[in-house]
Amino acid sequence: MSLVLHPDPQQPTGGYGFLELPGSSLPDVVTLAVQDAYSERWLTPVEEVRVEIGNPNWQPQKSSFGPYEVLRHDGADWVRIGPEIVNKLEEYTPLVIEVDGRAFNVTWPDTIPPRAGLAGLGGLQTVQPKPAPPPEPEVKRPPEPTHVELSEPDVETEPRKRSLLWLWIVLLLLVAAGAAAWFWTREESVSLPINTTPVSNNESCGLPALSALPGFATQLEALRSCGRDVSPDTALKLIEDAAETEDPLALRVFGTLYDGDQLDPRIENLIGLSFADDPARAVEYYARAAQAGDTQAKLHVTATCDRLKGSSQTLEKGAYDDFCR
C-alpha cells in the first residue's frame, strides 16, 4: 500500500495538499507525524521561527499533527494538510510520513509549494532577505549653455564641444535602454507561474480515444484512471456532451463540481477540473440527475436544499423555489 501526494487545486498560492491512501481503511479522524528520513528527526509544530542554534522545527522527540478529518472517495482515503506542514518542507526531501501509526516512505514533490509569502517559514530552507532593487542610475544632464558674445569660433574647441554633446546623448540612450530592460525582465519574472503540471502524451487519455469508449460511465472510469494524463478541457468536453443527452451520471458529476460541500478528488485534484461553489447551479444539476433516474443525486438534492433554505440571494432563492419545494 502506497501514499500518494497531491496539491490542492483550490489553493493556487500553495500551502495546502492532500494525502491519498488507496482503500478505505482509516478511521474518521487521524493524526500525522513527519520524519526526515536522513536525520531521523521529527517535524515539530513550532508556532514561530526561533533564532537559536539548530533547526527548531526538527527535533529528536516525535510530535504529532492533527487531528485531521478523513475524506472518502472513489475507494480511497484523503487527508487534507495545510501550512503547518507544507510550509516547513523542502522539495525532494525524503520523508517518512506516519498516518494513524502506519509509516510510508515518500519524497516530498515540487508540485506542493509553500504558501506564497510564507515560503521557508521555519522549514528546511533558509529564507534570504530580498535584495533591494538597484538604485536608479543618476542621469547627468549636459551643461546648460551659457550666453556668450558672438565671436569667431575657436577651431580647436568647437569640435570638442560637439563630441561631448554626442557622448552625453549616447550615455542617456544607454541608461534608458538599461532601465527598460531591467523593468521588463522584472515583470516577466514576477508573472511566471509558481508551478505547471504538464500533460503527458498518453494517446489513450486523449479526447479521440476517450470519446470512442461506449457510454459515459466507461468514459468517467477512464478519466479517473488517467488522472494527470488527461487535460481539464478534455474532461469538461466529455462531461458536457454526456450532460446534453441528460445522462444522469454526467449531470450528478456536474452538480458535484459546483457543490462546495462535495469533492471528486480525481476529477478536481488530479485532472484540475473544478468550479467555484455555486449551490444554486449544483441543485439544478442534482435535480436533473435525480429526474433522469440517479438515486444518489436525490440525497444531494436534499443536502443542497438545506444550504439554500433561508438564503437572501436572488438566484439561490429562485433555485430553492424551483427544485426544493
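Residues numbered from 1 in each chain as written. Predicted model: local features only at pLDDT ≥ 70, side-chain atom pairs only at ≥ 80, totals over all residues. Heavy atoms only, no water.

**Q** Please clarify how the overall build of the chain should be interpreted in this entry.
**A** The helix and strand inventory of the chain stands at ten helices and nine strands. Classification of the 325 residues of the chain by burial places 35% in the buried group. Here the analysis covers contacts within the chain between residues at least 6 apart in sequence; of these, 63% occur between residues at least 24 apart. (Helix = DSSP H or I, 4+ residues; strand = E, 2+ residues; numbered from the N terminus. Buried < 20%, exposed > 50% of the residue type's maximum accessible area, 1.4 Å probe, protein only. Contact = heavy atoms within 4.5 Å.)

**Q** Hey, could you run me through the state of the cysteines in this one?
**A** By definition, a disulfide links the sulfur atoms of two cysteine residues through a covalent bond. Inspection of the entire model under this criterion finds two disulfides. Residue Cys 205 pairs covalently with Cys 226 via a disulfide, S to S 2.0 Å. Between Cys 205 and Cys 226, the disulfide has an S-S torsion of -90° and is therefore left-handed. Residue Cys 205 is found in the loop between α2 (157-191) and α3 (207-211), and its partner Cys 226 is found in helix α4 (residues 216-226); the two are separated by 21 residues along the sequence. An identical accessibility class is assigned to Cys 205 and Cys 226; each is buried. The disulfide bridge from Cys 305 ends at Cys 324, spanning 2.0 Å between sulfur atoms. An S-S torsion of about -85° defines the bridge between Cys 305 and Cys 324 as left-handed. You can see Cys 305 sitting in helix α9 (residues 295-308) and its partner Cys 324 sitting in the segment after α10 (314-323), a full 19 residues away along the chain. Sequential numbering of the bridged cysteines in the chain gives the disulfide pattern 1-2, 3-4. (Disulfide = S-S within 2.5 Å.)

**Q** Is there a simple way to think about the pattern of salt bridges in this case?
**A** Opposite charge on two side chains lets them pair, provided their charged atoms get close. Counted according to the given criterion, the structure contains 13 salt bridges. A salt bridge links Asp 77 to Arg 72, with the nearest nitrogen and oxygen atoms 2.8 Å apart. By relative accessible area, which is 0% here, Asp 77 ends up buried. In this structure, Arg 325 and Asp 321 form a salt bridge, with 2.8 Å as the shortest nitrogen-oxygen distance. (Salt bridge = Lys/Arg side-chain N within 4 Å of Asp/Glu carboxyl O.)

All we've got here are geometric facts, nothing functional implied.
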